[in-house]
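Structural overview
So the chains spell out like this:
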Amino acid sequence: MNVNFVKYKYPFLILAILILAGGLFSYQKLKTGLFPDITFPKIKVIADAGQQPVDKMMTAVTIPLENALRRTEGLQYIKSTTSRGSCEISVFLDWDMDINIAKSQIESYINQSQGSILPNTNFLVEKMNPSILPVIGYSLEGDNYSLVDLKKIAKYQIKPYLAASPGVADVVVVGGKEKEYQVVLDPVKFNKFGIGISTVKNAIVNANILQSNGYIADHNRLYLTLTDNAITQRTDLENIPIINTSSGFIRLKDIASIDIKEVKEYVRILANGKNTPLIAIVKQSTANLMEVTTETEKKIDELASILPKGIYLKPYYKQADFVGESIRSIKDVLWIGLLLALFVVVYFLKSISASLLVLFSIPISLSLTLIGLDIMGYSFNIMTLGAIAAAIGLMIDDVVIVIEQIHKIREENLEESIGGIVHRSIQYLFPAMIGSSLSTLVIFIPFILMTGVAGAYFKVMAFTMVIALIASFVVSWLVLPVLAIFLSKGSHKKNIKRQSTKWIHFILRRPIIGVLFAFLCVLILLAVPSRLTTGFLPEMDEGSIVLDFNSPPGTTLEETNRMLSEVNHILNNQEEVEAYSARMGTQMGFFITEPNRGDYLIKLKDSKNKTTTAVADEIRQKLEMSIPQLTVDFGQVIGDMLGDLMSSVQPIEIKVFGSDVKTLQILSKQIAAEIKQVDGTVDVNDGVIVAGPTLSIIPNTYTLSQLGLTANDLQLQLQTQIEGMVVSTIYENEQIVPIRLIYSNIKNLDIDNIRNTKIILPNGSSIAIDKVASITLGKGVAEINRENQKSMGVITARLDQRDLGSAVVEIKNLITEKISIPSGYHIAYGGAYKEQQQAFQELLLILISAFLLVFMIILCLFRKLIIAIMILIIGVLGVAGCLLSLFITGTPLNVGSYTGIIMIVGILGENSIFTYLQFLETDTKWSVLKRIEYAIAERLRPKLMTTTAAMMALIPLALGIGTGAQLHQPLAIAVIGGLLFALPLLLVVLPTMLEYIEKKRK
């Protein structure tokens, strides 16, 4: 490598300035989010067929849908849950499948299969990605406003205003109340005139008409003809003629009263204990979270002067708070690590100019990295910034090696010009720089083998590190030498102080020291892995809690609300809780939900002195003591989101497959009972979710026929008496208001009253329902879960102060010992454990590939098989330091720490290359012992500098300082452990092995 840095110093300087400017531009341009923008290969379909029994839904909706959706290209498997009146089907696809094409195919297959599916079934199809969840949530409150007024303001004033914000995909309004016109029939007057329900229904429908009749051409102009008899106000509804009698018209007001009431809903929304509407902002998948939040907050401020007096919006959730704090924390960690590393350089070199070189070159490397991220279409997120923070040590490593070599040659040649010194330094280092850089780069190439959610996110992290290391190499090669020329023009004192080689000589004369340390590493490699706790993805403290709840099957909304009032009381008295919202009959995300189920979103105070897990434990304990009948499940927003994007929200998922649903339910309950005995398991759920009891009314068609009625006539009268039916609508100020036909005694209905309900006959008389139908009370039916069209029971659990690996092993042993699985039934383990096992297999393959790639680089560089094997052994032994650090700190072996282990392979390969190159450059006339002593002595200072600087850069991450830093803490701990072992391996074991090899060779 022959570059005249003196001649081209100004072009290279301008290049450095352009890189800084480009980095600043990219910094301002890059989007900000919590995670990389990744669309997961999962599509969810929800079918709603009204209030249908589970068995009918399974036969008429779920099975035909499953058969249709199995034709989707790239399909891996299908999961379905069938409940009363609805079913939820999750379609899992290959990662390389175009999700938009798959969604179009699924929608097409649904349309094609409409003929074989229950009529009037509504479908929703959604791609599952992080953007489906709201990023901002507000509650709409007003002291002197009804829930109807609040809902109206939310839908028709606030929603359109906020939807106009850039990057907003949807504004979802939940809660509050809609109004409706209720036609309350008077049974006495009804019977008096002998009018049937269908007569009233048809009269309202036929009177409320607004239809086009077509165009008329007249004098070269087109006129649209309309038949307009639309009901626009209450009096129009009251004066609708029902029948014409001899005494005149009987109008609707003669047999019914027209009331304006709230629509009856089986959903209730609370914010901080108040029944109020919630407004949720959903951002576009490609939008910048921070920009969307800023623009939305501006709109909220503007709304303050537009909304009626006494109306205000109160935030209950902002994802940007956590994201912003996480990004700030990672940036702080990055700069703290850089400053600590800079301190190390100053300490070792005792040179201000050398320190300035680090201070100026690292920002240039970071700027070039940002340009690379921008070109790749990456964003600022916890993975890319964490990768840069983890790579800072390696970037400093490159800079320090060049600076130290310039510093060393300058100390030895005071009369030589700085340009000549720089040229000699780069010329000497360039082969090793190529080899060492490749050894750290190639270890990240096998990450393309990773699949699943771990692969989606950690591939982004790995490729970001590749970009950062390439940027560091380019800057160290082209820019750093020029900066050295500009910053090293002053006089330099001769300060040649050779490192003492006595200790090296002592070690080489006693190879047993190196052998013993290598043996210690082997023992650690053999003994520690089985004793490590294991997990999947590193966990984060988000500062928010998701509390899912189930009241007993069939519990009314009012009784569930009574239970939740106790939950509200507990939350109001929990010191760490800042705000909360609750949903009954619906949930965050895209799920089917029974009226007795729902969730809380609890925001904790930033100043809390307890972890989110500790607060959740306290709340769980209080709830179990005060409301034992309420089943609860605690999680965190983003963690649950990632779980749902994979397959299961809960980390432990046990699936029991078999043919008989009742047997599966029994097995599920038995397994759940055993899991509850396992230490560290909480929120255990047997997966048997029962809908409320049913009251079946079975018409006697022969008796009805004799009385002039049909089964449909009976159903029509029953629906009108029990819940009423919507027969038409009124367009009122751009709003569609339903018209409901209903009986006046609806509030007094119970099971006994139903049995005594009167059915009106065509002649105006009435008859008790038990004369024309039989009434039976049935138990609730459980939801049916299937995977690949096979019935299954699903048992789930969360973990508290327990690692995933050991918990599942214990659960497996318990099930094997205590549960008798019938012939034809089998168990499979899903959830985070399945993802962990797959990820660990892939990471092991990546680790082996990393070793082989580093081996090939060294073999190509030195063309000596035995040397390549020697450096490979050093890399393997270095893994012992990673494992020991994880064991001592109690850090689980997960995807993050595994990535750190893979990184240490490249780091040790890089350092070994420089040591062996130094050995080759020594005078061959010297003895092997003297050459090794000299090589180790020459590399001592740079090794101490680079290793210490790299550890200092990683310490803030290892300490988990700040929000979100916990995600990269296992990686940092593993790398620091490997670096601690790197020093004795490179300074003791490597020279011992090298001496043995050279003596054998000679």
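Conventions adopted
Residues numbered from 1 in each chain as written. Predicted model: local features only at pLDDT ≥ 70, side-chain atom pairs only at ≥ 80, totals over all residues. Heavy atoms only, no water. Domains from an automatic or database assignment. Buried < 20%, exposed > 50% of the residue type's maximum accessible area, 1.4 Å probe, protein only. Helix = DSSP H or I, 4+ residues; strand = E, 2+ residues; numbered from the N terminus. Pairing = 2+ DSSP bridges. Contact = heavy atoms within 4.5 Å.

Under an unreviewed UniProt entry, the name given to the chain is Cation/multidrug efflux pump, and the source organism is Galbibacter orientalis DSM 19592.

1. What to know about the domain arrangement of the chain
As a measure of interface size, the accessible area lost when the parts come together is often cited. Per the domain assignment, the segments making up the chain are domain 1 (1-30 + 351-488), domain 2 (39-128), domain 3 (179-264 + 692-782) and domain 4 (552-629). Computed from C-alpha atoms alone, the centre-to-centre distance between domain 2 and domain 3 is 34 Å.

2. Here's the deal with the pairing of strand S2 (residues 75-83)
Burial analysis of S2 places eight of its nine residues in the buried class, which makes it a mostly covered element. Alignment of S2 against strand S3 (residues 86-93), held across eight bridges, turns out to be antiparallel. By the bridge assignment, Lys 79 is partnered in S3 with Ser 90. Counted along the chain from S2 to the antiparallel partner S3, the turn is two residues long, and its residue Gly 85 has a positive phi close to 85°. Pairing between S2 and strand S29 (residues 784-787): four bridges, direction antiparallel. Each bridged residue has a counterpart across the sheet, and for Thr 82 the counterpart in S29 is Ile 784.

3. Section: the environment of Ile 819
Among the secondary structure elements, Ile 819 is positioned in the loop between helix H24 (804-818) and strand S31 (826-830). Once the C-alpha coordinates of Ile 819 and Glu 674 are considered, the two residues, 145 residues apart in sequence, prove to be 8.7 Å apart. Among residues more than four places away in sequence, those in contact with Ile 819 are Leu 667, Gln 670, Ile 671, Glu 674 and Leu 814.

4. With respect to unusual backbone geometry
Positive phi values are uncommon outside glycine, yet His 219 reaches one of about 50°. Residue placement: His 219 occurs in the loop between strand S8 (210-218) and strand S9 (221-228). Since its relative accessible area comes to 71%, His 219 is described here as exposed. Even without being glycine, Arg 863 reaches a positive phi, approximately 55°. Tracing the backbone through its elements, the reader meets Arg 863 in the loop between helix H25 (831-862) and helix H26 (865-889).

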